[in-house]
Amino acid sequence: MDLVITQELARAESQQDAASLKKAYELIKSANLGKSEFDPSESFSPDLFVLCAEQALKMGQPEVSEDCIQMYFKVKAPITQFLGRAHLCRAQMCAPKSAENLEEFENCVTQYMKAINFAKGEPRYYFLVYNASILYWQMVRPFLEPGYRHHLIPSLSQIVNVLSQTEEEDKEWHAELMLELLECYLQAGRKEEAARFCSTAAPFIKSHVPQKYRQMFSVMVRHELMDELQLKEEKKNSISLSVTFYINMLKAKAEQNDLPGDVSVILRKAYRHLSRYNHQRFPSIREEKMLLLFELARFSLTLKCMEISSDCLSDLKKMESKVSGFMTLLPGVGRLLTVHLDKRQRREKQFTRPWPPGLRSVVGTLPSFLLCFAQWCLQFYTCPFLFTFIVHHSCF
């Protein structure tokens, strides 16, 4: 009997066949009620409740999924990975539709934490911790709007801690959640907790995901989460960190209405640092240099330092036109979005590990990159010289 149900579920998954799912579900219900047409002495695995529930969720049939999960928890099933997977199913079924549904959010989080707490004690179930973190992050998207992130701190901090305990192999995903948790602390005004968190998150990211450390460093500088002398020491031997330091130090001063009188001197110093960034000798740094040039150009324009902005754009134009690995859309064109390419395939275990949310394959070109910049400039500034410069030096 188990074999027949498994075959129907496999057919439902491979062919998205609703009839096969329905047949499997009916067989499971019959077996659960003891009214199966098969030999009653045949074994029936409770795991099939969960497998059917998972497939029903994928095919948009939450009622079937809910019934299967209820049947699973009513039987005395052995303690296996399917207990954690059942909690994950329940969590997905009670996911809040908006950030206003705080009661649904708490119920949903409870199910995710049940799955995580079950799995963290057994290394062979660690994959469930990873899966829970992926599904959790998909669920909390409505809460990423300003004013709602503080609701995530209790649960997200636990998930980040458990990923550390289980030594999650996907360090980049772990780092992403660390950065998001840091943003939650900052938006909630919990600066002291953010600073304490940085003391462990920053070394982790620097050691395991160095490509994300500049992002971490920029947040620490802008929000003064680390001693200034320590920050200056950090940037000593790094051009990218030096430029990041100057830009974000000035951003922090600007937010406090305390800009120094030598702003253009500091920006010019940052630009000179970038000029020494030899992307021809080291092609791997080309993308980072382009991003830094773009960031410096935009910030210089904000501070009305047109000459520096113009120099940055000129350097961008001289570099190769293909932008591999990221594409940035500016606020005047849409929301700020960075998407990464060439992400490695997630390895499969007994439960498929989904891709982290928000990652898409996009290839942009420098002309469109500059066009976005020009559109953003024109929305906020009247700058005929800069517009003429961009049009003259672009090929769109």
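All figures in this text were calculated on a predicted structure; none of them were measured in a lab. (Residues numbered from 1 in each chain as written. Predicted model: local features only at pLDDT ≥ 70, side-chain atom pairs only at ≥ 80, totals over all residues. Heavy atoms only, no water.)

Working definition: two side chains of opposite charge can pair if their charged atoms are close together. Considering all chains together, one arrives at 18 salt bridges under this definition. For glutamate 288, the salt bridge identified is with arginine 214, shortest N-O distance 3.9 Å. One end of the pair, glutamate 288, is in helix α15 (residues 286-302); the other, arginine 214, is in helix α11 (residues 213-222), with 74 residues separating them in the sequence. In this structure, glutamate 233 engages lysine 236 in a salt bridge whose closest nitrogen and oxygen atoms are separated by 3.3 Å. Classification of glutamate 233 as partly exposed rests on a relative accessible area of 48%. The class of lysine 236 is exposed, set by a relative accessible area of 59%. Residues joined by salt bridges that share partners form a network here, namely Arg214, Lys251, Glu288 and Glu295. (Salt bridge = Lys/Arg side-chain N within 4 Å of Asp/Glu carboxyl O. Helix = DSSP H or I, 4+ residues; strand = E, 2+ residues; numbered from the N terminus. Buried < 20%, exposed > 50% of the residue type's maximum accessible area, 1.4 Å probe, protein only.)

What follows is about the nonpolar core. Judged by nonpolar contacts, the single largest core of 115 residues is most densely connected at Tyr112, Tyr136, Met139, Leu182, Ile205, Met216 and Met220. Apart from residues no more than four positions distant in its own chain, tyrosine 136 is found in contact with Val109, Tyr112, Leu152, Ser155, Leu156 and Ile159. (Core = buried A, V, L, I, M, F, W, Y, C linked by side-chain atoms within 4.5 Å. Contact = heavy atoms within 4.5 Å.)

This paragraph deals with helix α7 (residues 126-139). Taking 1.5 Å as the rise per residue, α7 with 14 residues should run 20 Å; its terminal C-alpha atoms sit 20 Å apart, in good agreement. Looking only at α7, the buried set comprises Phe127, Leu128, Val129, Tyr130, Asn131, Ala132, Ser133, Ile134, Leu135, Tyr136, Trp137 and Met139. Of the surrounding secondary structure, the elements contacted by the buried residues of α7 are α5 (81-93), α6 (102-119), α8 (153-165) and α9 (171-187). (Expected span 1.5 Å × (residues − 1).)

As a further point, take helix α3 (residues 47-58). Here α3 contains 12 residues, and its C-alpha end-to-end distance of 17 Å stays within 8% of the 16 Å for a straight helix at 1.5 Å per residue. The element α3 is extensively covered by neighbouring structure, given that 9 of its 12 residues are classed as buried. Of the residues flanking the end of α3, it is glycine 60, one or two places downstream, whose phi is positive at about 70 degrees.

This part covers the confidence of the model for the protein chain. On average, the protein chain scores 82 in pLDDT, and the residues at 70 or more come to 78%. Segment residues 322-352: pLDDT under 50, and 81 contacts once partners within four positions in sequence are set aside and those in other chains are kept. Note on residues 378-396: pLDDT under 50 across the span, and 28 contacts to partners over four residues away in sequence or across chains. (pLDDT = per-residue confidence, 0-100.)

Assignment of secondary structure puts isoleucine 134 in helix α7. Judged by its relative accessible area of 0%, isoleucine 134 is buried. Taking the C-alpha atoms as reference points, isoleucine 134 and leucine 177, 43 residues apart in sequence, are found 9.9 Å from one another.

Another point: the packing of helix α1 (residues 2-15) against α3. Any two packed helices are characterised by the angle at which their axes cross and by the distance between the axes. Viewed as axis vectors pointing N to C, α1 and α3 meet at an angle of 15 degrees, and their least axial separation amounts to 10 Å. With respect to α3, the axis of α1 lies roughly parallel. Crossing geometry of α1 relative to α3 is assigned as left-handed. Every residue of α3 that contacts α1 at Asp2, Ile5, Thr6, Leu9, Ala12 and Glu13 is listed here: Leu48, Leu51, Cys52, Gln55 and Lys58. (Axes fitted to C-alpha atoms, helices over the stretch in contact; angles between N-to-C directions. Parallel < 35°, antiparallel > 145°, perpendicular 65-115°, else oblique. Left-handed = near helix turned anticlockwise from the far one by under 90°.)

Position of arginine 149 relative to the elements: it lies in the loop between α7 and α8. In terms of polar contacts, arginine 149 uses its side chain to reach the side chain of glutamate 180, at 2.9 Å. Residue contacts for arginine 149: discarding those within four places in its chain leaves Phe143, Leu144, Glu180, Glu183, Cys184 and Gln187. (Polar contact = N/O pair within 3.5 Å; in protein donor to acceptor, adjacent residues only side chain to side chain.)

Unlike most non-glycine residues, asparagine 257 shows phi in positive territory, near 55 degrees. Within the element layout of this structure, asparagine 257 appears in the loop between α13 (239-255) and α14 (263-275). Positive phi, close to 60 degrees, is recorded for lysine 304, a residue that is not glycine. Relative to the helices and strands, lysine 304 is located in the loop between α15 and α16 (306-318).

Let us now look at the packing of aromatic side chains. Summed over all chains, the structure comprises 7 aromatic pairs. Judged by centre distance (5.9 Å) and plane angle (55 degrees), the rings of tyrosine 185 and phenylalanine 197 are tilted. Pair noted here: tyrosine 185 is in helix α9 and phenylalanine 197 is in helix α10 (residues 191-208), with a separation of 12 residues, a long-range link. A ring pair is formed by phenylalanine 245 and tyrosine 246, whose centres lie 6.0 Å apart and whose planes are at 75 degrees; its orientation type is edge-to-face. Considered together, phenylalanine 245 and tyrosine 246 belong to a single accessibility category, that of buried residues. Sitting over the ring of phenylalanine 245, lysine 235 keeps its end group 5.3 Å from the ring centre. It is lysine 251 that lies over the ring of phenylalanine 299; its NZ or CZ is 5.8 Å from the centre. (Phe/Tyr/Trp six-rings, centres within 6.5 Å; stacked < 30°, edge-to-face > 60°. Lys NZ or Arg CZ within 6 Å of the ring centre and 35° of its normal.)

Relative to each other, α13 and α14 sit at 160 degrees, their axes nearing to 9 Å. In terms of orientation, α13 and α14 fall into the roughly antiparallel class. With respect to the hand of their crossing, α13 and α14 are arranged in left-handed fashion. Touching Ile239, Ser242, Val243, Tyr246, Met249 and Leu250 of α13 are Val263, Ile266, Leu267, Lys269, Ala270, His273 and Leu274, all from α14. Taken together, the residues of the contact of α13 with α14 break down into 10 nonpolar, 2 polar and 1 charged. (Nonpolar A, V, L, I, M, F, W, Y, C, P; charged D, E, K, R; others polar.)

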